[in-house]
Amino acid sequence: MQQETQFDLIVVGGGTAGAFSAIAAAREGLKVAVVERGTCLGGLAASSGLTEMNAAGFQGAPLYRGIEREVFDRLIWGGHAAYHFAVPMSSNKEVKIDRLRYDPERLKLLLEQLAVEAGITLLYETELTAAREGEEECQITARGPYQEIALSGKYLIDATGNASLVQALGGETEAADERERMIATLMFRISNVDLDQLDAFIHSPRLGETIRQGRESGVLKGGILAFTPIPGTRDVSLNGTRAKFDHEDLADATRGMVELRSQIEPIFRFVQREVPGLEGAYLSGIAPLAGVRDARRIRGAYQLTIEDLERMTCFEDRVACGCYPMDLHDPVTNTVVWKMLPGVYHIPYRSLLPLGMKRTLAAGKCLSADPKAFGAVRVMPIMMNVGESAGYAAALALRENKTLDQISSASLRSCLDQKYGV
Ligand SMILES: Cc1cc2nc3c(=O)[nH]c(=O)nc-3n(C[C@H](O)[C@H](O)[C@H](O)COP(=O)(O)OP(=O)(O)OC[C@H]3O[C@@H](n4cnc5c(N)ncnc54)[C@H](O)[C@@H]3O)c2cc1C
């Protein structure tokens, strides 16, 4: 099959941020390619066993509009998602979050359908190998299992979740050091659950007692045992495994994955014995991706800080919003550290602009933020919002025949106000 090689926009990484960037830009008429090393869209949201969009709502009402709202609504109409407001977090019952529970398999299907309908060129099993930003155009090369390809595009979006595109372009990036590196989790899915019995258990003091018992017996490595029922099924996903490793070190990342997987059978046996509603249940899936909370991030034209979120700074160039509190999975104390934030905060466009670059944006969890701000903004609904706006920004730059660093805050705001209807 003859491969198209010239695009307006190349998105590297097809996670939530990348998929939303690509769909937004393609619907604006751009010719878009997505280079994704996995075999589907959605990244962690589709393939790490996650099933809850944290802080998808604010004070009991949905927070997001645009394509994000369309995706949530379509999942809800299909019976594959539902809002749950003011749900306490498993690690701290005082923290209550509005969430959208969803079936990740259905999210995977829907994102791909929307991408195909928008005419996006999808390149799966394709990993970025090199990139160059030129005056008029950018080039990337990427490798699939049997082929290397070279593509050119007027603009690039780094939605890799690890800033690998910006690194390949020679841009500055930073990763958490060993003391800050958050604990990783491997989620798994349990089927044939009596959801009513489980729900009664989750809302009783017995959950806390079971977590304590699990920790004391050594089966649970941390204070989290979070069961999430998956809409439209009799399945739950379970967040309970925990391991520390350096995900950028191949050998250590493999050791970490093996360690995480080794925790699953003992946890499953423990919950089947201790948790009502799981008597007839069975282990039906283990996520193919370990849930690595950290991300290598770009150094952007502006680094978002926790103080910005605390003050709810209203940036002139704001492109996305969120309301999730800071949650850091501390590797030293093995506890979850929470900092509540006062309301809906904003992310500026400059946090997506890698220092010194003109035709590249970073969308998703590799945006420029300090570690504490990152601990708040990294959740999926915010990353989708960032991604969608990055796609609109690329479309605006193309319309105005500008580089990405030249578009004005005023035209960006007016474009986004129209898109999100505010
Ligand atoms: C354990 C854990 C629990 C979490 N719990 C929640 C939760 O309950 N609720 C919530 O809202 N959020 C949660 N999050 C956060 C959330 O899942 C992520 O921060 C968010 O999904 C990030 O989206 P993204 O698109 O930026 O990155 P990703 O989803 O990581 O997508 C990046 C994509 O880029 C691709 N890629 C990477 N490098 C390359 C390359 N070189 N070439 C080509 N492709 C590449 C990857 O394959 C991937 O598909 C959790 C995260 C973890 C790890």
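Residues numbered from 1 in each chain as written. Predicted model: local features only at pLDDT ≥ 70, side-chain atom pairs only at ≥ 80, totals over all residues. Heavy atoms only, no water.

Trainee: Would you mind going over helix H1 (residues 16-27) with me for this structure?
Mentor: The α-helix winds at 3.6 residues per turn, so residues separated by three or four positions along the chain end up facing the same way. Under the 1.5 Å per step criterion, the end-to-end length of H1 is 16 Å for 12 residues, consistent within 8% with the ideal 16 Å. Those residues of H1 that fall on the buried side of the exposure criterion are Thr16, Ala17, Gly18, Ala19, Phe20, Ser21, Ala22, Ile23, Ala24, Ala25 and Ala26. Looking one or two residues beyond H1, the residue adopting positive phi is Gly29, at roughly 100 degrees. (Helix = DSSP H or I, 4+ residues; strand = E, 2+ residues; numbered from the N terminus. Expected span 1.5 Å × (residues − 1). Buried < 20%, exposed > 50% of the residue type's maximum accessible area, 1.4 Å probe, protein only.)

Trainee: Is there a simple way to think about the environment of Thr39 in this case?
Mentor: Mapped onto the secondary structure, Thr39 falls in the loop between strand S2 (32-35) and helix H2 (43-47). In this structure Thr39 comes out as exposed when scored by relative accessible area, which is 55%. Separated by 176 residues in the primary sequence, Thr39 and Arg215 have C-alpha atoms spaced 36 Å apart. The contacts of Thr39, once residues within four sequence positions are left out, are Tyr124 and Glu125. (Contact = heavy atoms within 4.5 Å.)

Trainee: Any chance you could explain the site of the ligand here in plain terms?
Mentor: In the vicinity of the ligand lie 32 residues, with Glu36, Leu44, Glu52, Lys365 and Arg378 positioned nearest. Taking Glu36, its side chain carries an N or O atom lying 2.6 Å from an oxygen atom of the ligand. For the ligand, an oxygen atom lies 2.9 Å from a polar atom in the backbone of Met380. Burial of the ligand by the protein amounts to 93% of the accessible area it has alone, namely 1,000 Å². Counting residues per element, the ones that place at least two in the shell around the ligand are H1, H2, strand S3 (52-54), strand S9 (127-133) and helix H11 (380-399). If one sorts the elements of the shell around the ligand by residue count, S3 sits on top with 3 residues. (Near = heavy atom within 4 Å. Polar contact = N/O pair within 3.5 Å; in protein donor to acceptor, adjacent residues only side chain to side chain. Areas by Shrake-Rupley, 256 points an atom, 1.4 Å probe, with all protein chains shown as cover.)

Trainee: Sorry if this is basic, but what is going on with the side chain of Thr403 here?
Mentor: For Thr403, the location among the structural elements is in the loop between H11 and helix H12 (409-420). Looking at Thr403, its side chain comes within polar contact range of the side chain of Asp405, at 2.4 Å. Thr403 has contacts with Tyr155, Lys358, Arg359 and Ala397, leaving out every residue within four places of it along the chain.

Trainee: Sorry if this is basic, but what is going on with the domain arrangement of the protein here?
Mentor: Where interface size is given, it is often the accessible area lost as the parts come together that is meant. Domain annotation for the protein reports domain 1 (6-179 + 293-420) and domain 2 (188-286). Computed over C-alpha atoms, the centres of domain 1 and domain 2 are 28 Å apart. At the junction of the two partners, domain 1 supplies 23 residues and domain 2 supplies 23 residues. With both chains or domains summed, domain 1 and domain 2 bury close to 1,600 Å², and 46% of this area falls on carbon and sulfur atoms. The largest share of the area that domain 1 buries against domain 2 comes from Ser90, Arg101 and Asn334, three residues that together contribute 31% of it. At the junction of domain 1 and domain 2, the tally comes to 2 salt bridges. With a shortest N-O distance of 2.9 Å, Arg296 and Glu248 are connected by a salt bridge. Taken together, the links from domain 1 to domain 2 amount to 2 residue pairs in polar contact (both at pLDDT 80 or more). (Domains from an automatic or database assignment. Buried area = accessible area lost by both parts, 1.4 Å probe. Salt bridge = Lys/Arg side-chain N within 4 Å of Asp/Glu carboxyl O.)

Trainee: How should I be thinking about the pairing of strand S11 (residues 148-158) in this particular structure?
Mentor: In terms of residue burial, S11 counts as a mostly covered element, since 8 of its 11 residues are buried. Across 6 bridges, the pairing between strand S1 (residues 6-12) and S11 is parallel. Among the inter-strand pairings, Val12 is bridged to a residue of S11, identified as Asp158. Looking at chain direction, strand S10 (residues 138-143) and S11 are connected through 6 bridges and run antiparallel. Bridged to Ala142 within S11 is Ile149. Where S11 and strand S22 (residues 360-362) come together, 3 bridges link them in parallel fashion. From the neighbouring strand, Leu156 faces S22, where its bridge partner is Thr360. (Pairing = 2+ DSSP bridges.)

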